[in-house]
Amino acid sequence: MNNPVIYPAQWLMPAPETNLTAWACVACDQYTSQPAYWQEADLLVGEQPSTLRFILPECYLSESAQRIPQIQQAMQNAIATGAVQPTPWQGFILTERTTQTGARLGLVAVIDLECYDYHKGSKSLVRATEETIESRIPPRVQVRKDALLETSHVLMLLDDPMHSVVEPLHEKRDELEKLYDFPLMMGGGHLTGYAVKDPADIQAVYSALDQLHARLDPNNPLLFAVGDGNHSLATAKAIWESVKPTLTYEQTANHPARFAMVEVENIHDDALVFEPIHRVLFGYDGDDLLDEIARFAAEKGAAIASDENAQEITVVFEGKEVELSISGSPYTMAVGTLQAFLDQWMKQHPETKLDYIHGETAVQELVKGEGAIGFLLPAPDKSDLFTTVIREGAMPRKSFSMGEAHEKRYYMECRKLR
């Protein structure tokens, strides 16, 4: 492989006396409609060192002008006081995250942003799995562009059915230096990390990646799919593209902005569970909408009919529950078919509103009154993910969730950006 895509790095870790449960907080794009979660986290942390002070929870995006200077100051203070300290080695970090679904394994690394392209139709080695909303990038740029430190909630997926990249490191974890081992705050499970710094172990990772790369279609070689945090990765890419023209050729090779911190996970990890993200449409009649879905299906060469390959969507409204079977859809997954219809249909119905909902119970509550239509989607088959992205490009936004909100990546390691 001409470009290895991911690299080891020197990390900044919290000082040895740090309360790690207070230090590590969940991804900033979670609990966006639940400020009470972040208020409780703030009380838990108090004056203790915490990555909570390095991020802008998305529920506070409207306060970014006030919060961003505070974030930058917190990063400066952490470096000046030694609250974060550099590792005396460069390497990867092996993680084991225990949640209600089991132990998920990961490998913390930095990605070369030259290998990543989130645009539809990209053939890059690293791609988004879901549509990137470009209007969501500028607010994130404001947070990152002057930041001294990076910490990350980006999860990149490997299609590694032979468990050849991350899992061999976990099998020999007793031979690795343990970096941390602690319970995560507010029901996040347990996190353990190990240093991967032996050149032989690093080379074994590259050798396994080379074998995976060799099996890819040379005309469409998808090696890593971004499962979580794509907008954060797209932000890093935007900043790199703005910095790159100011550099000499030699400077571009190792400039910190060229890289972004990620955690790599194997999509075949049994503890990695994909959850559906349902839809609720407000402001329309359910019976009329069913007729319009049928017309849309016909326009796409599909039909409302049940067969063994049909896509199943449950439509709930006004006490009714209708099982919608769509046969012959040009979209691989049911969420793709539904979102394609809704995107087209809502352009003609701007008075309606669409929301994305985790959990069937929440949907059922929202549609108890009139004028709300729920779409309950099946749990996505994660084995379809790479095939879908290769064949169709990035899927619609909010196609799936890698676990529940408290199972998202927690910020732990940091890296210097300048």
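Taken as a whole, helix 2 (residues 35–45) has its buried residues at Tyr37, Trp38, Ala41 and Val45. The arc enclosing the buried residues of helix 2, seen along the axis, measures out at 90°, which places them on a common side. Positive phi appears at Gly46, one or two residues downstream of helix 2, with a value of about 60°.

With respect to the helices and strands, the residue Thr252 is situated in helix 8 (residues 249–252). With sequence-adjacent residues up to four places away left out, Thr252 is seen in contact with Trp240, Lys244, Leu247 and Arg258.

Glancing now at the pattern of salt bridges. Going through the model one piece at a time under the given rule, you end up with 22 salt bridges. With a closest N to O distance of 3.8 Å, Lys172 and Glu175 form a salt bridge. On the accessibility criterion, Lys172 (23% relative accessible area) is partly exposed. For Arg391, the salt bridge goes to Glu392, with nearest N and O atoms at 3.5 Å. What makes Glu392 partly exposed here is its relative accessible area of 25%.

On to the side chain of Thr252, then. Residue Thr252 is classed as buried on the basis of its relative accessible area of 13%. Of the polar contacts made by the side chain of Thr252, one reaches the backbone oxygen of Tyr249; its length is 2.6 Å.

A word on the nonpolar core. With 50 residues, the main nonpolar core has Trp11, Trp23, Trp38, Phe54, Tyr180, Phe182 and Met412 as its most contacted residues. Within the residue set of this core, elements represented by two or more residues are strand 2 (12–14), helix 1 (20–23), helix 2, helix 3 (64–81), strand 5 (102–112), strand 9 (177–183), strand 10 (190–196) and strand 12 (259–266). Broken down by element, this core gets its largest block of residues, 5 residues, from helix 3. Formed by 45 residues, the second largest nonpolar core is a distinct cluster that contains Ile111, Tyr118, Val262 and Val264.

Moving on, we come to the layout of surface pockets. In this structure, the largest pocket encloses a volume near 1100 Å³. Considering the residues around the largest pocket, the lining is formed by 38 residues, among which Asp29, Gln30, Thr32, His358 and Lys398 are closest to the centre. For the lining of the largest pocket, the elements supplying multiple residues, two or more each, are strand 11 (224–228), helix 7 (230–243) and strand 18 (353–357). With 4 residues, the top contributor of residues to the lining of the largest pocket is strand 18. For the lining of the largest pocket, the class distribution of residues is 11 nonpolar, 14 polar and 13 charged. Looking at the second largest pocket, its volume works out to about 370 Å³. Lining the second largest pocket are 15 residues, and of these Pro8, Ala9, Gln10, Gln90 and Arg415 lie nearest its centre.

As a further point, take the environment of Leu272. Looking at where Leu272 falls in the secondary structure, it is placed in the loop between strand 12 and strand 13 (274–275). Spatially, the C-alpha atoms of Leu272 and Ile304 are 32 Å apart, while their sequence positions differ by 32 residues.

Glancing now at helix 6 (residues 199–214). Over its 16 residues, helix 6 runs 22 Å from end to end, which matches the ideal 22 Å to within 8%, given 1.5 Å per residue. Listed as buried for helix 6 are Asp201, Ile202, Val205, Tyr206, Ala208, Leu209 and Leu212. In a view along the axis of helix 6, the buried residues occupy a sector of 160°, so they form one face of it. Turned more than 90 degrees away from the buried face of helix 6 sit Pro199, Gln211 and Ala214, all of them exposed. Put simply, Asp198 is the residue that caps the front of helix 6, since its side-chain oxygen is 2.8 Å from the backbone nitrogen of Ala200.

Burial runs high along strand 4 (residues 92–99): 7 of the 8 residues are buried. Summarising the sheet, strand 4 and strand 10 pair through 7 bridges and their orientation is antiparallel. In the strand pairing of strand 10, Arg97 is matched with Leu191. Once strand 4 ends, the chain turns through 2 residues before running back antiparallel as strand 5.

Moving on to the packing of aromatic side chains. Using the criterion set out here, one finds 11 aromatic pairs in the structure. Centre to centre, the rings of Tyr116 and Tyr118 are 6.2 Å apart; their planes meet at 50°, and the pair counts as tilted. In this structure, Tyr116 and Tyr118 share a single accessibility class: buried. Judged by centre distance (4.7 Å) and plane angle (80°), the ring pair of Tyr284 and Trp345 falls under edge-to-face. Linking Tyr284 in the loop between strand 14 (278–282) and helix 9 (286–299) with Trp345 in helix 10 (residues 334–347), this pair joins segments that are 61 residues apart in sequence.

About the cut-offs
- Residues numbered from 1 in each chain as written.
- Predicted model: local features only at pLDDT ≥ 70, side-chain atom pairs only at ≥ 80, totals over all residues.
- Heavy atoms only, no water.
- Buried < 20%, exposed > 50% of the residue type's maximum accessible area, 1.4 Å probe, protein only.
- Helix = DSSP H or I, 4+ residues; strand = E, 2+ residues; numbered from the N terminus.
- Arc of directions from axis to C-beta.
- Contact = heavy atoms within 4.5 Å.
- Salt bridge = Lys/Arg side-chain N within 4 Å of Asp/Glu carboxyl O.
- Polar contact = N/O pair within 3.5 Å; in protein donor to acceptor, adjacent residues only side chain to side chain.
- Core = buried A, V, L, I, M, F, W, Y, C linked by side-chain atoms within 4.5 Å.
- 1 Å grid on protein atoms, 1.4 Å probe; cavity = no way out; pocket = protein on both sides within 12 Å on 5 of 7 lines; lining within 4 Å.
- Points joined across faces, edges and corners; volume = space filled by probe spheres on them.
- Nonpolar A, V, L, I, M, F, W, Y, C, P; charged D, E, K, R; others polar.
- Expected span 1.5 Å × (residues − 1).
- Pairing = 2+ DSSP bridges.
- Phe/Tyr/Trp six-rings, centres within 6.5 Å; stacked < 30°, edge-to-face > 60°.

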